[in-house]
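One letter stands for each residue in the lines below.
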Amino acid sequence: MYKFTQNKNKLDKVLFGIIVILLCIGMLMVYSSSYIWSEYKFNDSFYYLKRQLLFAGIGFVGMIIISYFPYYIWKKYAKILLFSCFILLLFVLIPGIGMIRGGAQSWIGIGAFSIQPSEFMKLGLIIFLSSILSDHQKYITSFKKGFFPCLLLIFTAFGLIMLQPDLGTGMVLVLTCMILLFVAGAKLSHFFGLAGIGIIGFIGLIASAPYRINRILAFLNPWEDPLGHGFQIIQSLYAIGPGGLMGLGLGNSLQKYFYLPEPQTDFIFSIIGEELGLIGGCTTILLFFLLLWRGIKIAIEAPDLFSRLLAIGIASMLALQAMINISVVIGLIPVTGITLPFLSYGGSSLTLTLCAAGILLSISRHAKSMEKSTKPII
């Protein structure tokens, strides 16, 4: 008989290093992009940096602690985690409990402390789907018994997120879950049928909300409404364009002087392009490619189907979110309102991202090494 052995104390050092580098770049750029606005609004140029350091500290400690948890503990509590995430998504829709920011009712909390339940749902759904797909993989090729029940769960979560509304987070959630279903062995014919329905549904979502139509029009020609719906993407391009090869230099951005709205959040990559140039932007993109590569490598070497699906789900989530954010910033897709993992300012997003990375590191501690054993495995 054979059994898997855990390589204790051997976490993926390359992945850990990538995360630390991204965090350091994030801290530097959050301060550089925000000190003008935070000095004006709060009379404290370090306001956003201090809060980001707090979020990063909590998230980093959480990541380290989680990396020592055996990954299979998440499977044990998958149902409880998902149920809790659904409860939080329902709470955020209740007037008086849900907090409105930027036109979306996506937060719950008291005063300065708040959380974004949709961030929890992304990770909770990945854990749950990894659990049920690993236990019932034989049914995934059946539309009725495997594919459809998963779709029902995914689009229920998506529907609750869209009630906030939060299209960016909803897109990441759906696309990540589709990757999980594909990796688990779902039939391509099911995806082709779903694609047609998805296109119709996406058009319906756009048509149902005038601001989404305006975002599409602004994407196609932002200069038609330069002071309205096209303002943010124009200012983003004005930031990236002058950056050139080497950038204007750290701290020398002009767009952060009240041109680009709150550049420390969704559009932080604009300031990276402006201050650090093409080299800084490409380095950031390369780091995310390396993160995805390490995630896939961890998934390949993971000891069982649950850990493989969980690793590929987390790696895909982080890569998709980075890809969508950067695509928005450079004008490839319409504005969706989603943060850049590890870099953008934000509490729930940063801490949950670091905790998800902790699960990846935990899986990396379990190498797919085999050793002979004369005893049966129970």
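The rules behind the values
- Residues numbered from 1 in each chain as written.
- Predicted model: local features only at pLDDT ≥ 70, side-chain atom pairs only at ≥ 80, totals over all residues.
- Heavy atoms only, no water.
- Helix = DSSP H or I, 4+ residues; strand = E, 2+ residues; numbered from the N terminus.
- Buried < 20%, exposed > 50% of the residue type's maximum accessible area, 1.4 Å probe, protein only.
- Contact = heavy atoms within 4.5 Å.
- Areas by Shrake-Rupley, 256 points an atom, 1.4 Å probe, with all protein chains shown as cover.
- pLDDT = per-residue confidence, 0-100.
- Phe/Tyr/Trp six-rings, centres within 6.5 Å; stacked < 30°, edge-to-face > 60°.
- Lys NZ or Arg CZ within 6 Å of the ring centre and 35° of its normal.
- Axes fitted to C-alpha atoms, helices over the stretch in contact; angles between N-to-C directions.
- Left-handed = near helix turned anticlockwise from the far one by under 90°.
- Nonpolar A, V, L, I, M, F, W, Y, C, P; charged D, E, K, R; others polar.
- Core = buried A, V, L, I, M, F, W, Y, C linked by side-chain atoms within 4.5 Å.
- Disulfide = S-S within 2.5 Å.
- Parallel < 35°, antiparallel > 145°, perpendicular 65-115°, else oblique.
- Polar contact = N/O pair within 3.5 Å; in protein donor to acceptor, adjacent residues only side chain to side chain.

Explain the overall build of the protein chain to me, please; I cannot follow it from the model alone.
Secondary structure summary: the protein chain contains 13 helices and 5 strands in total. Within the protein chain, the fraction of its 378 residues that count as buried is 50%. Contacts spanning at least 24 positions in sequence make up 73% of the contacts within the protein chain whose residues lie at least 6 apart. Only carbon and sulfur atoms are counted for the fraction: they give 71% of the accessible area of the protein chain, which is about 17900 Å².

Before we go on, may I ask you to explain the confidence of the model for the protein chain in this structure?
Predicted coordinates in areas of low pLDDT are best not read in detail. On average, residues of the protein chain score 85 in pLDDT, and 89% of them are at 70 or above. The low-confidence segment residues 1–7, where pLDDT is below 50, has 28 contacts with residues more than four positions distant or belonging to other chains. Of the regions scoring below 50 in pLDDT, residues 369–378 engages in 20 contacts with residues more than four places distant in sequence or in other chains.

Would you take a moment to explain the packing of aromatic side chains for this structure?
Each aromatic ring pair is specified by the distance between its two centres and by the angle formed by the two planes. Here the structure, examined in full by the defined rule, presents 18 aromatic pairs. Ring centres of Y31 and F46 lie 5.1 Å apart, and the angle between their planes is 15°; this geometry places the pair in the stacked category. Linking Y31 in helix α1 (residues 13–42) with F46 in the loop between α1 and α2 (47–68), this pair joins segments that are 15 residues apart in sequence. Classification of Y31 as partly exposed rests on a relative accessible area of 26%. The class for F46 is partly exposed, based on a relative accessible area of 41%. Aromatic pair F182 and F191: ring centres 6.2 Å apart, planes at 65°, arrangement edge-to-face. The class of F182 is partly exposed, set by a relative accessible area of 48%. Residue F191 is classed as buried on the basis of its relative accessible area, which comes to 15%. Cation over ring: R294 sits above W293, and NZ or CZ is 4.6 Å from the ring centre. When the ring centre of Y68 is taken as origin, the NZ or CZ atom of R365, which lies over that ring, is 4.0 Å away.

I tried to follow the environment of L340 on my own but got confused; where do I start?
Summarising the element assignment, L340 is placed in the loop between α12 (305–329) and α13 (347–364). L340 sits in the buried class, given a relative accessible area of 1%. L340 sits 19 residues away from Q321 along the chain, and the two C-alpha atoms are 6.7 Å apart. Setting aside chain neighbours within four positions, we find L340 in contact with I268, F269, F288, A322, N325 and I326.

Please clarify how unusual backbone geometry should be interpreted in this entry.
Glycine aside, the phi torsion of most residues is negative, and most peptide linkages are trans. At F258, a residue that is not glycine, the phi angle is positive and equals roughly 70°. A relative accessible area of 47% means that F258 is categorised as partly exposed. Positive phi values are uncommon outside glycine, yet F342 reaches one of about 75°. Along the chain, the position of F342 falls in the loop between α12 and α13. With relative accessibility at 1%, the residue F342 sits in the buried group.

Sorry, what's going on with the packing of helix α7 (residues 167–184) against α12 here?
In a pair of packed helices, the angle between the axes and the distance between the axes together describe the arrangement. The geometry of α7 relative to α12 is characterised by a closest axis approach of 9 Å and an angle of 140° between their N-to-C directions. For the pair α7 and α12, the crossing hand works out as right-handed. For the pair α7 and α12, the contacting residues are M171, V172, L175, T176, I179, L180, V183 and A184 in the first and L309, I312, G313, S316, M317, L320, Q321 and I324 in the second. The residue inventory of the contact of α7 with α12, partitioned by class, reads 12 nonpolar, 4 polar and no charged.

How should I be thinking about the nonpolar core in this particular structure?
Among soluble globular proteins, nonpolar side chains are generally buried collectively. Ranked by size, the top nonpolar core spans 92 residues in total, and within it M121, L125, L181 and F342 carry the most contacts. Counting residues per element, this core draws most heavily on α12, which supplies 14 residues.

In this structure, what is going on with the state of the cysteines? I would like to understand it.
Formally, a disulfide is one covalent bond, and it connects the sulfur atom of one cysteine to the sulfur atom of another. Inspection of the entire model under this criterion finds 0 disulfides. A disulfide-free cysteine, C150 has its sulfur positioned 8.9 Å from the sulfur of C177, the nearest such atom.

Is there a simple way to think about the packing of helix α6 (residues 143–162) against α7 in this case?
The N-to-C vectors of α6 and α7 enclose an angle of 170°; their axes lie 9 Å apart at closest approach. Classified by the angle their axes make, α6 and α7 are roughly antiparallel. Touching F147, C150, L151, I154, F155, A157, F158, I161 and M162 of α6 are L167, T169, G170, M171, L173, V174, C177, M178 and L181, all from α7. In the contact of α6 with α7, the residues fall into 16 nonpolar, 2 polar and no charged.

Help me understand the environment of H366 in this model?
As for its position among the elements, H366 is in the loop between α13 and β5 (370–372). By relative accessible area, H366 is classed as buried at 8%. Once the C-alpha coordinates of H366 and Y71 are considered, the two residues, 295 residues apart in sequence, prove to be 8.7 Å apart. Only 3.0 Å separates the side chain of H366 from the backbone oxygen of S362, close enough to count as a polar contact.

Could you clarify how one ought to interpret the environment of Q321 in this entry?
For Q321, the position within the fold is in helix α12. Taking C-alpha positions, Q321 is 7.4 Å from T339, a pair spaced 18 residues apart along the chain. Not counting residues within four places of it along the chain, the set of residues in contact with Q321 comprises K122, V172, I338, T339, P341 and S349.

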